[in-house]
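Okay, here's what each chain looks like letter by letter:
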Amino acid sequence: IYLTSYFLYIGIIFLLFWVSFYGIKVSGSQRWIDLNFLVLQPSELMKIAVILCLAKYYHRINIEKVNSFNSILFALTIIPFQLFWFYLNQIWGPLF
C-alpha cells in the first residue's frame, strides 16, 4: 500500500468523476457504483486514500521539514480537493 498510495488516490478521483456520470441513484443521490456483487461508494474509499497519501508524504520528508510551509501546503491541496468535489456533488448533483 505504501508504494501505491498516490496511485490509489488518483484512481479514486477517477472513480468519483465516473460515479458522477454513470453511477446509480440511491435515495435520490447518484453516488454509488454497481459492481453486480457489491454496491460501492467511492467517497468512503477517498477518506482512506487521503489518509494513506498524507501518511506516505509525511513519512518521506525529514522531521525538520514537517512544520514547514511547503509540507503544510501539500496537505492543504490534497484535503480541499476532496471537500470541493463533495460540495459540487451536493450543489450540482442533479446536473451530473
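Residues numbered from 1 in each chain as written. Predicted model: local features only at pLDDT ≥ 70, side-chain atom pairs only at ≥ 80, totals over all residues. Heavy atoms only, no water.

Asks: Quick question: what am I supposed to make of the nonpolar core here?
Replies: Soluble, globular proteins show a tendency: their nonpolar side chains are buried together. Tyr9, Ile12, Ile13, Leu16, Met46, Ala49, Val50, Cys53, Leu54, Ala75 and Ile78 together form the largest nonpolar core, which totals eleven residues. When residues of this core are traced back to their parent elements, those giving at least two are helix H1 (5–22), helix H2 (42–60) and helix H3 (69–92). For this core, the leading source of residues is H2, giving five residues. When near neighbours in sequence (up to four residues on either side) are disregarded, Ile78 contacts Tyr9, Val50, Cys53 and Leu54. (Core = buried A, V, L, I, M, F, W, Y, C linked by side-chain atoms within 4.5 Å. Buried < 20%, exposed > 50% of the residue type's maximum accessible area, 1.4 Å probe, protein only. Helix = DSSP H or I, 4+ residues; strand = E, 2+ residues; numbered from the N terminus. Contact = heavy atoms within 4.5 Å.)

Asks: Any chance you could explain the packing of aromatic side chains here in plain terms?
Replies: Any two aromatic rings considered together are summarised by their centre-to-centre distance and by the angle between their planes. Applying the stated criterion across every chain, the model contains three aromatic pairs. Here Trp18 and Tyr22 contribute two aromatic rings whose centre-to-centre distance is 5.7 Å and whose plane-to-plane angle is 45 degrees, an arrangement assigned as tilted. With Trp18 and Tyr22 both in helix H1 and four residues apart, the pair spans about one turn of that helix. The exposure class assigned to Tyr22 is exposed, which follows from its relative accessible area of 59%. Taken together, the aromatic side chains of Tyr57, Tyr58 and Phe74 make up a single cluster linked through ring pairs. (Phe/Tyr/Trp six-rings, centres within 6.5 Å; stacked < 30°, edge-to-face > 60°.)

Asks: When you look at the pattern of salt bridges in this model, what are you seeing that I'm missing?
Replies: Note that side chains of opposite charge can pair when their charged atoms are close. All chains considered together, the criterion is met by one salt bridge. Across the pair Lys47 and Glu44 runs a salt bridge, and its minimum N-O distance is 3.4 Å. Here the residue Lys47 and the residue Glu44 both occupy positions in helix H2, the gap between them amounting to three residues, near one helical turn. Here Lys47 falls in the partly exposed class, since its relative accessible area comes to 42%. (Salt bridge = Lys/Arg side-chain N within 4 Å of Asp/Glu carboxyl O.)

Asks: What's the story with H2 in this structure? I'm lost.
Replies: In an α-helix, one turn spans 3.6 residues; hence positions three or four apart end up facing the same way. Taking 1.5 Å per residue, 19 residues should reach 27 Å; H2 reaches 27 Å between its end C-alpha atoms and fits that length. Buried within H2 are the following residues: Pro42, Ser43, Met46, Ala49, Val50, Cys53, Leu54, Lys56 and Tyr57. One side of H2 holds all its buried residues, which, seen down the axis, span an arc of 160 degrees. Across from the buried face of H2, at angles greater than 90 degrees, the exposed residues are Ile51 and His59. (Expected span 1.5 Å × (residues − 1). Arc of directions from axis to C-beta.)

Asks: Please clarify how the environment of Trp32 should be interpreted in this entry.
Replies: The topology assignment puts Trp32 in strand E2 (residues 29–34). Residue class for Trp32 comes out partly exposed when judged on its relative accessible area of 23%. For Trp32 and Tyr22, which are ten residues apart along the polypeptide, the C-alpha to C-alpha distance reads 8.9 Å. Those residues in contact with Trp32, other than ones at most four positions away along the chain, are Val19, Gly23, Ile24, Val26, Val39, Leu40 and Gln41.

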